[in-house]
Amino acid sequence: MFFLVAVATSLVASAQDKENMFNPVTTSVTSLAIAPDARGGGMGDIGAATEADVNSQYWNPAKYPFCVGRAGVSLSYTPWLRKLVNDINLANVAGFYRIGDYSAVSASLRYFSLGEVSLGWGDGSGGATEGMTINPYEFAIDAAYSRMLSETFSMAVGMRFIYSDITYDYESESSPGKAFAADIALYYNNYVMIGNRECGLGIGLNISNIGSKISYGGDDNSEFIPTNLRLGLNLTIPFDEYNRFSIAADANKMLVPTYPKRETNESDNDYTNRVQREYYDVSPIAGIFKSFHDAPNGFKEEMEEIQWSVGAEYSYNDRFFLRAGYHDEAANKGNRKYITAGAGFKMSVFSLDASYVFSTAQSNPLDQTMRFSLSFDLDGIQDLFRGRRR
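Residues numbered from 1 in each chain as written. Predicted model: local features only at pLDDT ≥ 70, side-chain atom pairs only at ≥ 80, totals over all residues. Heavy atoms only, no water.

Undergrad: Can you explain the overall build of the protein chain? Please cite residues and give values.
TA: When helices and strands are tallied, the protein chain shows 7 helices and 16 strands. In the protein chain, which comprises 390 residues, the share counted as buried stands at 44%. Considering only intrachain contacts with a sequence separation of at least 6, the fraction spanning at least 24 residues in the protein chain is 60%. Here the protein chain has roughly 20,100 Å² of accessible surface; of this, 60% comes from carbon and sulfur atoms. (Helix = DSSP H or I, 4+ residues; strand = E, 2+ residues; numbered from the N terminus. Buried < 20%, exposed > 50% of the residue type's maximum accessible area, 1.4 Å probe, protein only. Contact = heavy atoms within 4.5 Å. Areas by Shrake-Rupley, 256 points an atom, 1.4 Å probe, with all protein chains shown as cover.)

Undergrad: Describe the packing of aromatic side chains, naming the residues involved and giving the relevant values.
TA: Taken as a whole and judged by the stated rule, the model has 14 aromatic pairs. Taken together, the ring pairs connect Tyr111, Tyr137, Phe139, Phe161, Tyr163 and Phe180 into an aromatic cluster. Above the face of the Phe224 ring, Lys213 is positioned so that its terminal group lies 4.2 Å from the ring centre. Cation over ring: Lys253 sits above Phe292, and NZ or CZ is 5.5 Å from the ring centre. (Phe/Tyr/Trp six-rings, centres within 6.5 Å; stacked < 30°, edge-to-face > 60°. Lys NZ or Arg CZ within 6 Å of the ring centre and 35° of its normal.)

Undergrad: Can you lay out the side chain of Thr369 for me, pointing to particular residues and giving the numbers?
TA: Looking at where Thr369 falls in the secondary structure, it is placed in the loop between strand 15 (350-359) and strand 16 (370-377). Given the relative accessible area of 2%, Thr369 is considered buried. Excluding residues within four positions of it along the chain, Thr369 makes contact with Thr78, Pro79, Trp80, Leu81, Ser355, Tyr356 and Val357.

Undergrad: Talk me through helix 4 (residues 268-280); I want residue IDs and the actual numbers.
TA: Residue pairs spaced three or four apart in an α-helix point in one direction, given the helix's 3.6 residues per turn. Those residues of helix 4 not exposed but buried are Tyr271, Arg274, Val275, Tyr279 and Tyr280. Projected onto a plane normal to the axis of helix 4, the buried residues spread over an arc of 165 degrees and lie on a single side. Residues of helix 4 that are exposed and point more than 90 degrees away from the buried face comprise Asn269 and Arg277. (Arc of directions from axis to C-beta.)

Undergrad: Could you give me a rundown of a nonpolar patch on the surface, with the residues and numbers involved?
TA: Residues Tyr97, Ile99, Val105, Tyr145, Leu149, Met155, Val157 and Ile184 make up a contiguous nonpolar surface patch of roughly 690 Å² in combined accessible area. For the nonpolar patch, the secondary-structure elements that each account for two or more residues are strand 2 (89-99) and strand 7 (153-165). Counting through the fold element by element, Val105 comes out in strand 3 (residues 103-113). (Patch = residues over 30% accessible without salt bridge, like charges linked within 9 Å, V, L, I, M, F, W, Y side chains within 5 Å. Salt bridge = Lys/Arg side-chain N within 4 Å of Asp/Glu carboxyl O.)

Undergrad: An account of the pattern of salt bridges is needed here, citing residue identities and associated values.
TA: Scanning all chains against the criterion turns up 23 salt bridges. Note that Glu313 and Arg39 form a salt bridge whose closest N and O atoms lie 3.3 Å from each other. With a gap of 274 residues between them, Glu313 in strand 12 (residues 306-316) and Arg39 in helix 2 (residues 38-42) connect regions that are remote in the sequence. Accessibility assignment for this pair places Glu313 and Arg39 in one class, buried. For Glu313, the salt bridge identified is with Arg323, shortest N-O distance 2.6 Å. One end of the pair, Glu313, is in strand 12; the other, Arg323, is in strand 13 (residues 320-328), with 10 residues separating them in the sequence. Of the two residues examined, Glu313 and Arg323, each falls in the buried class.

Undergrad: Summarise the pairing of strand 15; cite the residues concerned and give the values.
TA: Only one face of strand 15 is covered, namely the face carrying Ser351, Asp353, Ser355, Val357 and Ser359; the face carrying Phe350, Leu352, Ala354, Tyr356 and Phe358 is uncovered. In the sheet, strand 15 pairs with strand 16 via 7 bridges, with the strands oriented antiparallel. Paired with Ser355 across the two strands is Arg371, which belongs to strand 16. (Pairing = 2+ DSSP bridges.)

Undergrad: How would you sum up the environment of Arg244? Please name residues and give values.
TA: Inspection of the secondary structure puts Arg244 in strand 11 (residues 243-254). When the C-alpha positions of Arg244 and Tyr316 are compared, they lie 6.6 Å apart, and in sequence the two are 72 residues distant. Setting aside residues no more than four positions away along its own chain, Arg244 makes contact with Glu51, Thr236, Ile237, Pro238, Glu313, Tyr314, Ser315, Asp318 and Phe321.

Undergrad: Provide a residue-level description of unusual backbone geometry, including the pertinent values.
TA: If you check the backbone angles, Asn209 has positive phi at about 60 degrees while not being a glycine. Along the chain, Asn209 turns up in strand 9 (residues 197-211). Relative accessible area serves as the criterion here: at 4%, Asn209 is assigned to the buried category. Although it is not a glycine, Asn265 sits at a positive phi angle of roughly 65 degrees. Of note, Asn265 is situated in the loop between strand 11 and helix 4. Taking the relative accessible area as the measure of exposure, Asn265 reaches 79% and is therefore exposed.

Undergrad: Talk me through the pairing of strand 6 (residues 137-148); I want residue IDs and the actual numbers.
TA: Every second residue of strand 6 is oriented toward a common face, the buried set being Glu138, Ala140, Asp142, Ala144, Ser146 and Met148 and the non-buried set Tyr137, Phe139, Ile141, Ala143, Tyr145 and Arg147. Strand direction decides the pairing type here: strand 3 and strand 6, joined by 11 bridges, are antiparallel. Bridged to Ser113 within strand 6 is Tyr137. Judged from the 12 bridges that link them, strand 6 and strand 7 form a sheet pairing that is antiparallel. Bridging from a neighbouring strand, Ala140 pairs with Ile162 of strand 7.

Geometric descriptors of this kind do not, in isolation, establish any biological role.
Structure below.
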């Protein structure tokens, strides 16, 4: 009997330990952290240092001066969390225009719809919220300027306006949240010799969403937006005139403080005051620096806050593409572990890409997530019209 009690106590303690260890970094406007395009999504959510394309605005806008085309636009669509609901979607539009040979301007607009939410509670008296349905959503619009500082190095700065309307009770003082943010990005692109092959080497850094906190009203506390540091490496190996293979890796860390956990024997009042002091009263810039040393379990947990992605892309004649990747996040920081696969087809005027997520963690709502991207090369469209005129 004593043995059974000891085993049960041990199991309960183990479950409690796991619960206590689960400590993800939380932010508002989480839709800003969703990869919008199918190319990056097909490679395990990678894009800081991969070869430049029209969707570089999200991953690293400093890549745009290295684009082959003069201008382009892309439309991307992601049905989100399809294992849970059928009406959450992310739509994204991105475009760029190269100014001369050394600089570019770019912009994007993303719209995240949380579907239709029914407010079914009430006492039958026909109150203001009884029987109502709302359509919460978030959107962000941004623009960036990028410039080559040398033949191999470029830099970009961007500005973003964020709007989040997730109000669910019109009788309360809550209201849509608004915030402004900035991005700073760097990109290095050069060639290295591996054997007798000249291979492309890319190194990218993007610090995104450096900006104000966001408030939804109702209290004096504002929430952090998902300020993020992304560092990437890419190597492109040409086998011959038609076949090319790229392998890439990204490291990703939220630059947001960890929400304080309650300590043993800490009173409600002491804990509330500590959360206010160590979290809500911290400014966004101070929070960036605090995010590197505030994990409760020290350096080990700080390292667990880094998400890792690896991916590969095979290209045939720059027309047909196959992609695969893997994304890893520590179990106590969210446990988003998944394999991705994707494919693409490119013509002179447009390209079409698709990707798919296979979750490797149990009960992961990201499982079976698909992305689609349709991109247009404006140079190709101009050439097409010129040919028709002739």
